[in-house]
Amino acid sequence: MIADPVRYTEAFAKAGSDLITFHIEVTENPQEAIDEIRKWGKAVGVSINPGTEVSAIESILPQVDLVLVMSVWPGFGGQKFMPEVLSKVRQLRELLRDDQRLEIDGGIGPDTITQIVQAGADTLVAGTAILGQPDRVAAMNSLRKTAEEAAKEVTP
């Protein structure tokens with residue numbers, strides 16, 4: 001999470017980012033952030049921290065391509081998944097269009113993936129669950145398989 005994301009949009013765009021996500025908590029004017037990202041021809045994401053209600057972003061949901069729900073507090077890897085964010089994932093899944101992605105980041109691992117996917121997340125960010133393993137490819141493949149199995153159980 002960075003303060004004043006508008007200030008850094010150009011640098012991220014020129015570095016090759018296809019999608020730029022900003023945290024609603026550090027943005028006084030979310031419309032300005034959305035407009036700046038779109039000006040560079042990039043997809044827009046908005047992120048909410050565990051303590052932020054969905055209502056904080058509800059008015060801008062039609063304008064974004066992705067919503068990222070943080071399931072830990074930003075700052076460092078290896079934190080424990082906060083299951084209380086699953087209600088936000090469910091709520092957002094109901095509010096988002098089919099073409100909008102719903103991402104979750106924090107504490108994603110073999111023990112949390114099924115409930116996360118079944119709540120409605122379609123994009124998962126796993127750090128420690130992969131990078132902390134001796135065989136990272138096997139860890140990633142295992143997580144992917146678990147997510148795919150969980151997705152099969154979700155009714156459309």
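These numbers were taken from a predicted model, which means no experiment stands behind them.

> Please clarify how the overall build of the chain should be interpreted in this entry.
Counting its secondary structure elements, the chain contains 6 helices and 5 strands. Mapped from its N terminus to its C terminus, the chain presents α and β elements in the order α-β-α-β-β-α-β-α-β-α-α. Against the globule reference of 15 Å for 156 residues, the chain gives a C-alpha radius of gyration of 16 Å, in line with a compact fold. Looking at the chain as a whole, 41% of its 156 residues are labelled buried. Taking the contacts inside the chain whose residues are at least 6 apart along the sequence as the reference set, 54% of them involve residues at least 24 apart. Looking at the chain as shown, the accessible area adds up to about 8700 Å², and 51% of this sits on carbon and sulfur atoms. Computed over 15 positive and 23 negative side-chain charges, the inter-centroid distance for the chain is 5 Å.

> Teacher, can you tell me more about the side chain of Ser71 here?
Tracing the backbone shows Ser71 in the loop between strand 3 (66-70) and helix 3 (86-95). Overall, the relative accessible area of 0% leaves Ser71 in the buried class. Excluding residues within four positions of it along the chain, Ser71 makes contact with Pro50, Lys80, Phe81, Met82, Val85, Ile104, Asp105, Gly106 and Ile108.

> Just checking my understanding: could you explain the nonpolar core for this structure?
Grouped together as the largest cluster of nonpolar side chains are 38 residues, with contacts concentrated most on Phe22, Val46, Ile57, Val67, Leu92 and Ile104. It is helix 4 (residues 113-119) that provides the largest number of residues to this core, a total of 4 residues. Residues in contact with Val67, not counting those within four places in the same chain, are Val46, Ile57, Leu61, Leu92, Leu96, Arg101, Leu102 and Glu103.

> Would you mind going over the pairing of strand 4 (residues 101-105) with me for this structure?
Both faces of the sheet carry side chains from a regular strand, because those side chains alternate between them. Inspection of the sheet shows strand 3 paired to strand 4 by 5 bridges, in the parallel sense. The partner of Val67 across the bridge, within strand 4, is Leu102. Crossover connection from strand 3 via helix 3 to parallel strand 4: handedness right-handed. Handedness of the β-α-β unit built from strand 4, helix 4 and strand 5 (residues 123-125) comes out right-handed.

Reading the values: the criteria
- Residues numbered from 1 in each chain as written.
- Predicted model: local features only at pLDDT ≥ 70, side-chain atom pairs only at ≥ 80, totals over all residues.
- Heavy atoms only, no water.
- Helix = DSSP H or I, 4+ residues; strand = E, 2+ residues; numbered from the N terminus.
- Rg over C-alpha atoms; globule rule 2.2 N^0.38 Å.
- Buried < 20%, exposed > 50% of the residue type's maximum accessible area, 1.4 Å probe, protein only.
- Contact = heavy atoms within 4.5 Å.
- Areas by Shrake-Rupley, 256 points an atom, 1.4 Å probe, with all protein chains shown as cover.
- Lys, Arg positive; Asp, Glu negative; His and termini not counted.
- Charge placed at Lys NZ, Arg CZ, Asp CG, Glu CD.
- Core = buried A, V, L, I, M, F, W, Y, C linked by side-chain atoms within 4.5 Å.
- Pairing = 2+ DSSP bridges.
- Right-handed = clockwise from strand over helix to strand, strands pointing away.

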